[in-house]
Amino acid sequence: MNPLKKRIGVLGGGQLGRMLIQESSRLNLHFNILEAEANCPCALLANQFIQGSLLDEAKIRDLAAISDVLTYEIEHVNTEALLKLEKEGHTIIPSPRILQMIQDKGLQKEFYLKNNIPSGKFFLVENKAEWSRLIPLLGSEKFVAKTRKGGYDGKGVAILNSQEIINNPDKIPFEGPCVLEEFIACQKELAVIVARDQDGNIASFPSIEMEFDPIANLVTLLISPARVGSIIEEKAEEIARNLVQALDGPGLFAVELFLDQAGTIFVNEVAPRPHNSGHHTIEACYTSQYEQLARILLGLPLGSTELVKAAGMVNLLGAPDFSGSYQLENLDAVSKMEGVYVHLYAKAESKPMRKMGHVSILANTIDEVIEKANYVRTHLKFVKD
Ligand code: ADP
C-alpha cells in the first residue's frame, strides 16, 4: 500500500496528537481521532473525529474500522480492546503488549530488572500492612511510593520520609498495590527519546535535562543538549536505546532518567508516545519526534535526529488564579525575540496549572537559551481575556 495513503488512527485528541497532525501536514497525511472531549486540541485538525471514551471498546473498534494503523497519545486507554484488535490483525504501534507493561509501574520495574536496565531498588506491595517491613530494606532516608496504575504528571507519586512512615503507618498515602522505590538523590533529571522503525532500526534524540516545578510537578524548563559531558550523554543514550531494544517492537519512546550525585544513571520510567521532553524537536532537530512517529507508523525510514542548534522549551501553564477564556500577556515582546516559537494547544479555557502551550527556544549557546527562557517564563502569562 502507498504509505502516504495509510490512514492513521489516534486514541486521544490532546496536544501530542495535535502536534503529530501538524508535523505531518507537510506530507498531507490522513488522521482519524478518537477523543471524549468534542472541543479538544485535535478536533479541528482531524480528517475524521469520533467522539467517545478511550476506554470504550466499541468506539475504539469504530476508529480501527476507518484506520490502517493505530497509535495512542496517552497511556490511559482500553488496552484489552487493543490487544484483541492486534490479534485480529490490526497494526497498532507501539504494540498494546508494550503498553500493558508500561501502564503498570510495578511491571515496568520488573522489566528493567529482568533486562539489566539500570533502575533503582524497589519492592512491590499489595496493601498497607507490607510497607513497614520493606521500607528499611530500601536503605534510603527517604523513599518514593507510587501507585502501580493510573498515576500521571506526579499524581499517584509521593516522596516520603522512611522513619516517619514506619513510626506512623496511618500516614501511608495510598491504598492497594504500590511500588516502593529507593530515593535517588538527583544531580539532574534527563530524558532521551528513542525511535524504532518497523524494520528494527533505532535512532535516539540528543538527551535533554529538565527542571521541575516542585508544586505542580511539571517540567518548567527543558534544555538540549543536556549539560552532562559526552561520556554521560553517550551512556544515557545507550541505556535508553537498550531499553527500547528490549521492548522489542516499533514506536517512539521517551525514556526518563535520573543522574545521581555520583554520576550514575538510572531509568525512572518510559512513555510509549511523543513526550513533553521532545516538544523542542519541532524546531530544534532535523526531524521532530512527531514526524519520526509518523514515519514509523507509515513504514518510512527514520529521519536524522541531530540538533540544529542549542534548544530550550518552556511549558505554558494556566495561571493559578483563574479559569476561563484567556489571552497572553507580553505576547508582543516575546514575538519580537529571535528563535522563540510560541505554541498554543487550542484549549478552550485556561485552568490553574493546565498545560496550555509551550515555547521552543533556539540560540547559539545554552547560556543564551537560558537567558531567553527566563525572559519568556517570567513575562508570557495567561490572563483573562
Ligand atoms: P509520573 O509518571 O506521574 O510522571 P514519575 O514516576 O515520573 O511520575 O515521578 C514523578 C517525579 O517524582 C519524578 O520526575 C522525580 O522528580 C520524582 N521521583 C520519582 N521517582 C523517584 C525516585 N526513585 N527517586 C527520586 N525522585 C523520584
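Coordinates for the structure precede this section.
Quick summary incoming for the structure in this document. For clarity, every value in this text was computed on a predicted model and none was experimentally measured. (Residues numbered from 1 in each chain as written. Predicted model: local features only at pLDDT ≥ 70, side-chain atom pairs only at ≥ 80, totals over all residues. Heavy atoms only, no water.)

### Structural notes on helix α10 (residues 289-298)
Stage number 1. Of all ten residues that make up α10, nine are buried, and the element is covered over most of its length.
Stage number 2. Residues Q289, Y290, E291, Q292, L293, A294, I296, L297 and L298 constitute the buried set of α10.
Stage number 3. G299 sits one or two positions beyond α10 and adopts a positive phi of about 80 degrees. (Buried < 20%, exposed > 50% of the residue type's maximum accessible area, 1.4 Å probe, protein only. Helix = DSSP H or I, 4+ residues; strand = E, 2+ residues; numbered from the N terminus.)

### Focus: the site of the ligand
Stage number 1. Every one of the 17 residues lining the ligand counts as a neighbour, but K105, K146, G154, E189 and E269 are closest to it.
Stage number 2. At 2.8 Å from an oxygen atom of the ligand is found a side-chain nitrogen or oxygen belonging to K105.
Stage number 3. Here I184 contributes a backbone N or O atom positioned 2.9 Å from a nitrogen atom of the ligand.
Stage number 4. The protein chains hide 90% of the 550 Å² of surface that the ligand would expose on its own.
Stage number 5. Mapped by element, the contributors of at least two residues to the shell around the ligand are β6 (142-147), β8 (178-182), β13 (251-260) and β14 (265-271). (Near = heavy atom within 4 Å. Polar contact = N/O pair within 3.5 Å; in protein donor to acceptor, adjacent residues only side chain to side chain. Areas by Shrake-Rupley, 256 points an atom, 1.4 Å probe, with all protein chains shown as cover.)

### What about the sheet that holds strand β3 (residues 48-51)?
Stage number 1. As summarised here, the arrangement of the four strands in space is β3-β2-β1-β4, forming an open sheet in which the pairing is parallel. Edge positions in the sheet fall to β3 and β4 (69-72), since each of these pairs with one other strand and no more. Within the sheet, the average angular offset between the axes of one strand and its neighbour, ignoring direction, is 20 degrees.
Stage number 2. As paired strands, strand β2 (residues 30-35) and β3 are joined by four bridges and run parallel to one another. Its bridge partner lying in β3, N32 is registered against Q48. (Pairing = 2+ DSSP bridges. Axes fitted to C-alpha atoms, helices over the stretch in contact; angles between N-to-C directions.)

### Looking at the layout of surface pockets
Stage number 1. By volume, the second largest pocket amounts to about 350 Å³.
Stage number 2. Taken together, 15 residues make up the lining of the second largest pocket; nearest its centre are N315, L317, R377, L380 and K381.
Stage number 3. Taken together, the elements giving at least two residues each to the lining of the second largest pocket come down to β15 (310-317), α12 (366-379) and β19 (381-384).
Stage number 4. Here the lining of the second largest pocket takes four residues from β15, the largest share from any one element. (1 Å grid on protein atoms, 1.4 Å probe; cavity = no way out; pocket = protein on both sides within 12 Å on 5 of 7 lines; lining within 4 Å. Points joined across faces, edges and corners; volume = space filled by probe spheres on them.)

### Quick word on the pairing of β13
Stage number 1. In terms of burial, β13 is a largely internal element, ten of the ten residues being buried.
Stage number 2. Going residue by residue along β13, you find G251, F253, V255, L257 and L259 tucked away on one face and L252, A254, E256, F258 and D260 tucked away on the opposite face as well.
Stage number 3. Sheet analysis places strand β9 (residues 186-196) next to β13, joined by ten bridges and oriented antiparallel. Bridge pairing in β13 links L190 to L257.
Stage number 4. Taken together, β13 and the strand that follows it, β14, pair antiparallel across an intervening segment of four residues, in which G263 is found at a positive phi of about 90 degrees.

### Topic: the environment of K128
Stage number 1. When you line up the elements, K128 lands in the loop between β5 (122-125) and α6 (131-138).
Stage number 2. We classify K128 as partly exposed; its relative accessible area is 31%.
Stage number 3. Spatially, the C-alpha atom of K128 lies 45 Å from that of K384, the residues being 256 residues apart in sequence.
Stage number 4. Once residues within four sequence positions are removed from consideration, K128 is found in contact with I172, F174 and E175.
Stage number 5. In this structure the side chain of K128 is engaged in a polar contact, spanning 3.3 Å, whose partner is the side chain of E175. (Contact = heavy atoms within 4.5 Å.)

### Details of the side chain of E237
Stage number 1. Structurally, E237 can be placed in helix α8 (residues 230-247).
Stage number 2. For the buried residue E237, which engages in no salt bridge, the nearest side chain bearing the opposite charge is R241, 4.4 Å off.
Stage number 3. Side chain to side chain, E237 and S204 meet in a polar contact 2.6 Å long.
Stage number 4. Setting aside residues no more than four positions away along its own chain, E237 makes contact with V192, S204, F205, P206 and S207. (Lys, Arg positive; Asp, Glu negative; His and termini not counted. Salt bridge = Lys/Arg side-chain N within 4 Å of Asp/Glu carboxyl O.)

### Remarks on the pattern of salt bridges
Stage number 1. Inspection of the entire model under this criterion finds 16 salt bridges.
Stage number 2. The partner of R61 in a salt bridge is E88, and the shortest N-O contact between them spans 2.8 Å. Separated by 27 residues along the polypeptide, R61 in helix α2 (residues 57-65) and E88 in the loop between α3 (79-87) and α4 (96-103) bring together distant segments of the chain.
Stage number 3. With relative accessibility at 29%, the residue R61 sits in the partly exposed group.
Stage number 4. Between R196 and D248 there is a salt bridge whose closest N-O contact spans 3.9 Å. One end of the pair, R196, is in strand β9; the other, D248, is in the loop between α8 and β13, with 52 residues separating them in the sequence.
Stage number 5. Each member of the salt-bridge network shares a partner with another, and the members are E57, R61, K84 and E88.

### Quick word on the pairing of strand β18 (residues 355-363)
Stage number 1. Most of β18 is tucked away, with nine of its nine residues classed as buried.
Stage number 2. Alignment of β15 against β18, held across eight bridges, turns out to be antiparallel. Pairing of V314 across the sheet is with V359, part of β18.
Stage number 3. Pairing of strand β17 (residues 340-344) with β18 involves five bridges; the strand directions are antiparallel. Residue pairing in the sheet places V342 in a bridge with V359 of β18.

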